[in-house]
Amino acid sequence: MELSRRTVMAGAAAAGVTAAVSGTAHATGGKKPVKSLFGKLADGTKIYRWSLENGGTRLKVLSYGGIVQSLEIPDRRGRYANVSLGFDNIEDYVANSPYFGALIGRFGNRIANGRFTLDGKTYQLSVNDGENSLHGGAQGFDKRVWDIEPFTKGSDVGLHLYYTSVDGEMGYPGTLRTKVTYTLTRHGDWRIDYAATTDKATVVNLTSHVYWNLAGESSGTIYDHELSIAGSRYTPVDSGLIPTGELAKVAGTPFDFRSTKTVGKDIRVAHQQLLYGKGIDHNWVLDKGITRKPEWVSTLRDPSSGRTMKIATTEPGLQFYSGNFLDGTLVGTGGTIYRQGDALCLETQHYPDSPNQPSFPSTVLRPGQTYRSTTVHSFRA
């Protein structure tokens, strides 16, 4: 399976998404990214916020964790709302954030027992989710300060984000040099291009952890949002939310989103997998598999506002998380308390626990190779 991964590394995602991937009617000129001070860490490190606008989409990004602090899009009447959950201060991001808007690495999702074996050597990772390692460990990429360079290219505007993860950080082998590019296109699409190289064999699975509510981040639950996912199978989990290795059919289960349905339609069905996740917290096996260019895999729509988001990706998997662990203890940017189901995540990725699952597509990266992955979010109303 590693060969297919290398093939994608060699040529995936370098080219732009074709015009057909752009689904929004907004096509205005972009504004040069603006930098402002957002706050300071306890050690005095300054955290900056970059504000971008293009094609009707407004994006605010923090140097801490590469966090999307705000993403505003208009509804069918042209009224803007921030559709991503987050905080209005750096202190809450440091102390309380359940990965709101963050870049995730080195490995998105869970690795069983925080351990894997590569080339005959076993590596023990940071364990931060019961017995398992989640989203790169206790100090993953979401808690690192990224170097950011703004850019304008033709009608596009964006940010290049850089972070170097040293050999042994959170237990992972190899020094990993990571570059993530956020682009707002003239159509208002938000494109993410990931790239990474290593000096020692390692595993990599990068993603973005935005919590979406297309009605607005302080508007209540997303159970009436309409969702489709182009995946005929998913990866069932055990009680620790680690994949069993099975690629189960979604047909006849609450996980069947091949045809559009509301998020809340089957979320209370008495199904063992929903009990394990306290809702949906599962990886879909996308029908398209790994692709060289992003292909459409999911559509999310809020019927009340008309806001619609389509997702295209090169990745073979999509983690759908229905905000099950939002427990009423966090106050968001809109000044309201976030509760269970107030947002959902759609994380493009390789499958969870891939380093321990030989039948899953490989996440191994070796010296001389370049990890590449692209995901595009297209908005319209």
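Please refer to the structure placed before this passage.
Residues numbered from 1 in each chain as written. Predicted model: local features only at pLDDT ≥ 70, side-chain atom pairs only at ≥ 80, totals over all residues. Heavy atoms only, no water.

### A word on the sheet that holds strand 5 (residues 80-82)
Turning to step 1, where the next piece is worked out: What the five strands build is an open sheet, ordered 1-2-3-4-5; its pairing is antiparallel. Whereas interior strands pair on both sides, the edge strands pair on one side only; in this sheet they are strand 1 (31-40) and strand 5. Put simply, the sheet's adjacent strands are angled 15° from each other on average, direction ignored.
Turning to step 2, where the next piece is worked out: Summarising the sheet, strand 4 (residues 68-74) and strand 5 pair through three bridges and their orientation is antiparallel. (Pairing = 2+ DSSP bridges. Helix = DSSP H or I, 4+ residues; strand = E, 2+ residues; numbered from the N terminus. Axes fitted to C-alpha atoms, helices over the stretch in contact; angles between N-to-C directions.)

### Focus on unusual backbone geometry
Turning to step 1, where the next piece is worked out: Note the cis peptide between glycine 105 and arginine 106, where omega equals 0°.
Turning to step 2, where the next piece is worked out: When you line up the elements, arginine 106 lands in the loop between strand 6 (102-104) and strand 7 (110-111).
Turning to step 3, where the next piece is worked out: Positive phi, normally seen in glycine, also occurs at asparagine 113, with a value near 60°.
Turning to step 4, where the next piece is worked out: Inspection of the secondary structure assignment puts asparagine 113 in the loop between strand 7 and strand 8 (115-118).
Turning to step 5, where the next piece is worked out: By relative accessible area, which is 35% here, asparagine 113 ends up partly exposed. (Buried < 20%, exposed > 50% of the residue type's maximum accessible area, 1.4 Å probe, protein only.)

### Things to note about the nonpolar core
Turning to step 1, where the next piece is worked out: Grouped together as the largest cluster of nonpolar side chains are 55 residues, with contacts concentrated most on Leu71, Leu161, Tyr182, Trp190, Trp212 and Phe320.
Turning to step 2, where the next piece is worked out: Within the second largest apolar cluster, 22 residues are counted, among which are Phe38, Tyr64, Leu134 and Ala343. (Core = buried A, V, L, I, M, F, W, Y, C linked by side-chain atoms within 4.5 Å.)

### Thoughts on the environment of glycine 264
Turning to step 1, where the next piece is worked out: Summarising the element assignment, glycine 264 is placed in the loop between strand 20 (261-262) and helix 3 (272-277).
Turning to step 2, where the next piece is worked out: A relative accessible area of 23% places glycine 264 in the partly exposed class.
Turning to step 3, where the next piece is worked out: Taking C-alpha positions, glycine 264 is 4.1 Å from tyrosine 223, a pair spaced 41 residues apart along the chain.

### Structural notes on the pattern of salt bridges
Turning to step 1, where the next piece is worked out: Using the criterion set out here, one finds 14 salt bridges in the structure.
Turning to step 2, where the next piece is worked out: Among the ionic pairs, aspartate 129 bridges to arginine 110, the shortest N-O distance being 2.9 Å. With aspartate 129 in the loop between strand 9 (121-124) and strand 10 (133-134) and arginine 110 in strand 7, the pair connects residues that are 19 residues apart, well separated along the chain.
Turning to step 3, where the next piece is worked out: One salt bridge in this structure joins aspartate 193 and arginine 191, with 2.7 Å as the shortest N-O distance. Of the two residues examined, aspartate 193 and arginine 191, each falls in the buried class.
Turning to step 4, where the next piece is worked out: A single network of salt bridges, built from pairs that share partners, joins Lys31, Glu53 and Arg58. (Salt bridge = Lys/Arg side-chain N within 4 Å of Asp/Glu carboxyl O.)

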